[in-house]
Amino acid sequence: MEDIRARGLVLLGCGKMGSAMLAGWIAKGLPATSVWILDPFPSDWLKSLGVHLNEDLPANPAIVIVAVKPQMMDEALPILIPHGNGETLFLSVVAGRPIKSFEAALGANTPVIRSVPNTPAAISHGITAIFGNDHTSQAQMQQAETLLSAVGQVVRLDNEGQLDAVTAVSGSGPAYVFHLIETLAAAGEAQGLPADLAMQLAKATVGGAGHLAEMADEDPTQLRINVTSPAGTTAAALAVLMDPETGFPPLLLRAVKAATERSRELAK
């Protein structure tokens, strides 16, 4: 963080993901005076932090985080061209934009790391996958990992192509879990539970099971076995959910495949 404190950090776009990351960095001790934010509609919270808001950028920032919406990137990137092809690292959290698009806009020798975070970063329980181009040093990879770890776990990938599958599993994955909560609550309601009670049970069950899966020494398969008594209620439900033709396995396979293919289409 010392290099960032000295040279500065630029955040291009400060929506939900940018705000979550910024809150994490400041909580971990990054001075607000070392942060430059470029955002056309800054929130009151952002205005209150004491960061450099929509001011001239430092001459040689340590890192620029690009967190704008994909459709805004072509309009936003040109102001950063003077920082390309140099020592400034560019870290992208923009969905569907490959590294080559940043190299084309900023210069072929620009250090670029592409990342795929997810929305639980808002409560510091996210997971982010990263991959850097050939111009990114190990020190810069570590710098990016340190920054992103402020909002959750970080994993490094072997190649950029894996980011499409990561997008489908963890980037889009929270939506699948939210839909599971919706449908589990609706199923409970259909069996006679009041709607608010069914939703409370569904939220706590999914949240608790997810936390247990992360914290337990056993893998999820063993955890499932642990709560499944032979010929019991859980076994009856799992017979439906694990059906090889109509259950979770083929359904999620199709869902993740569709999301992966869409991610590849967006990258083109």
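## A word on the layout of surface pockets
Item 1. In this structure, the second largest pocket encloses a volume near 1,100 Å³.
Item 2. Met17, Ala67, Val68, Lys69 and Pro70 are, among the 41 residues lining the second largest pocket, the residues nearest its centre.
Item 3. Elements with a minimum of two residues in the lining of the second largest pocket: helix 2 (16-27), helix 4 (73-76), strand 6 (112-116), helix 7 (162-171) and helix 12 (248-267).
Item 4. Residue classes in the lining of the second largest pocket are distributed as 23 nonpolar, 12 polar and 6 charged.

## Some points on helix 12
Item 1. If you check helix 12, its first and last C-alpha atoms are 28 Å apart, about what 20 residues at 1.5 Å a residue would give, namely 28 Å.
Item 2. Those residues of helix 12 that sit buried are Pro250, Ala259, Thr260 and Ser263.
Item 3. Tucked inside the fold, the buried residues of helix 12 contact helix 7 and helix 8 (173-190).

## A few points about the pairing of strand 4 (residues 63-66)
Item 1. Both faces of strand 4 are covered, namely the face carrying Ile63 and Ile65 and the face carrying Val64 and Val66.
Item 2. Here 4 bridges tie strand 1 (residues 9-12) to strand 4, and the two strands are oriented parallel to one another. Along strand 4, the bridge assignment pairs Leu11 with Ile65.
Item 3. In this structure, strand 4 lies alongside strand 5 (residues 89-92), joined through 4 bridges in parallel fashion. Note that in strand 5 the partner of Val64 across the bridge is Phe90.

## With respect to the confidence of the model for the protein chain
Item 1. The share of residues in the protein chain with pLDDT of 70 or more is 100%, and the mean pLDDT across the chain is 94.
Item 2. The secondary-structure element of the protein chain with the lowest mean pLDDT is helix 4, recorded at 84, while helix 8 shows the highest, at 98.

What counts and what doesn't
Residues numbered from 1 in each chain as written. Predicted model: local features only at pLDDT ≥ 70, side-chain atom pairs only at ≥ 80, totals over all residues. Heavy atoms only, no water. 1 Å grid on protein atoms, 1.4 Å probe; cavity = no way out; pocket = protein on both sides within 12 Å on 5 of 7 lines; lining within 4 Å. Points joined across faces, edges and corners; volume = space filled by probe spheres on them. Helix = DSSP H or I, 4+ residues; strand = E, 2+ residues; numbered from the N terminus. Nonpolar A, V, L, I, M, F, W, Y, C, P; charged D, E, K, R; others polar. Expected span 1.5 Å × (residues − 1). Buried < 20%, exposed > 50% of the residue type's maximum accessible area, 1.4 Å probe, protein only. Contact = heavy atoms within 4.5 Å. Pairing = 2+ DSSP bridges. pLDDT = per-residue confidence, 0-100.

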